[in-house]
Amino acid sequence: DQRLGRGSTAVAFLVEREGAEQVLKLALDPRQNDRLRDEAEVLAKLRDRHVVELLGSVEIGDRQGLLMARAGDSTLAQRIRKEGRLELELLERFGEQLLQTVDFLEQKGIIHRDIKPENIVVRQSGRGSRLELVLFDFSLSRTPVEEIRAGTPPYLDPFLGERKPARWDGYAERFAAAMTLHEMATGTLPIWGDGRSNPAVLECEVTLDAELFDASVREPLVLFFEKALRRKHTERYDNAEEMLHAWRAIFSAAEKADEGRRTKALETE
């Protein structure tokens, strides 16, 4: 068995069962068993090509385990660290897949609570081995909404304490998705203020370096992230479907502009 990684609640192994490679996620100790059982209940309700597939549950000694389909060889985080920002076609596709997945979860009434590149696998699928995203690790999805510190900074919405009452919500899920999209688009995370202080103690909005974005989508992406990352949650996108439409519009406009330039070039030849 090959060890794939370790988190705060479980360790993952690559195992072979019935001639196929699967992933075994095993609780670090019996105190984490309930969290894995909760995750299994959540995953059993989800059937989507961009969500990791649960194959079954097992008990090994006194520890709970989950068996899942092997989603891919590397995470989105590893890809960004190695290659930097995504090229435009891949940014469009991956961004759409991520927002479609968040929308799918919203429609199901299920939350992830820890969306980040480390929890997204990049895999090859279908003819031509097109790359696609698969979201995994739903271990925080049953965390009470009153626990506003559950998650991973800086993807965890730093402004949750300003809610009345202070509680986690769908805006925080979409904030994490927006941070992940920014990382896809630039290879970096956005900052607030000097980039060292907790954004919650500052009075400013997010600082976006426009030069980091591809020139063909620079201005609309800046507007998209300015809205998606507003400190006042009610000024952000109201749902994932709205974010998805805004994302698609960015690239649709860029494609039309590119077609227009090509047509003009042909006319002048």
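Residues numbered from 1 in each chain as written. Predicted model: local features only at pLDDT ≥ 70, side-chain atom pairs only at ≥ 80, totals over all residues. Heavy atoms only, no water.

## Some points on the packing of helix α4 (residues 170-186) against helix α5 (residues 218-228)
Convention followed: Orientation is described by lines fitted to C-alpha atoms, with helices fitted over the stretch in contact, and by angles between N-to-C directions that extend from 0 to 180 degrees. Going along the chain from the N terminus, every DSSP run of H or I of four or more residues is numbered as a helix, and every run of E of two or more is numbered as a strand. Oblique is the label for every angle not falling under 35 degrees (roughly parallel), over 145 degrees (roughly antiparallel), or within 65 to 115 degrees (roughly perpendicular). By definition, turning the near helix anticlockwise from the far helix through less than a right angle yields a left-handed crossing, and turning it clockwise yields a right-handed one. Residue contacts follow a heavy-atom distance rule, with two residues in contact if any of their heavy atoms lie within 4.5 Å.
In contact at an axis separation of 10 Å, α4 and α5 are set at 155 degrees when each is read in the N-to-C sense. The orientation of α4 relative to α5 falls into the category roughly antiparallel. In this structure, the crossing between α4 and α5 has a hand that is left-handed. Residue-level inspection shows Phe 175, Ala 178, Leu 181, His 182 and Ala 185 of α4 in contact with α5, the latter providing Leu 221, Phe 224, Phe 225 and Ala 228.

## Thoughts on the environment of Arg 17
Among the secondary structure elements, Arg 17 is positioned in strand β2 (residues 10-17). Between the C-alpha atom of Arg 17 and that of Leu 43, which follows or precedes it by 26 residues, the distance is 20 Å. Discounting chain neighbours no more than four positions away, the residues touching Arg 17 are Gln 22 and Leu 67.

## Considering the sheet that holds strand β4 (residues 54-60)
Rule in force here: By definition, two strands form a pair when at least two bridges between them are found by DSSP.
With respect to topology, five strands assemble into an open sheet ordered β1-β2-β3-β5-β4, the strand pairing being antiparallel. Two strands lie at the open edges of the sheet, namely β1 (2-6) and β4, each paired on one side alone. Strand-to-strand twist of the sheet, defined as the mean angle between neighbouring strand axes without regard to direction, takes the value 25 degrees. The pairing of β2 with strand β3 (residues 20-27) spans eight bridges and is antiparallel. Paired with Ala 12 across the strands is Lys 25, a residue of β3. Helix α1 (residues 33-44) rests against β2, β3, β4 and β5 (63-69) of the sheet, and its axis sits at about 30 degrees to β5.

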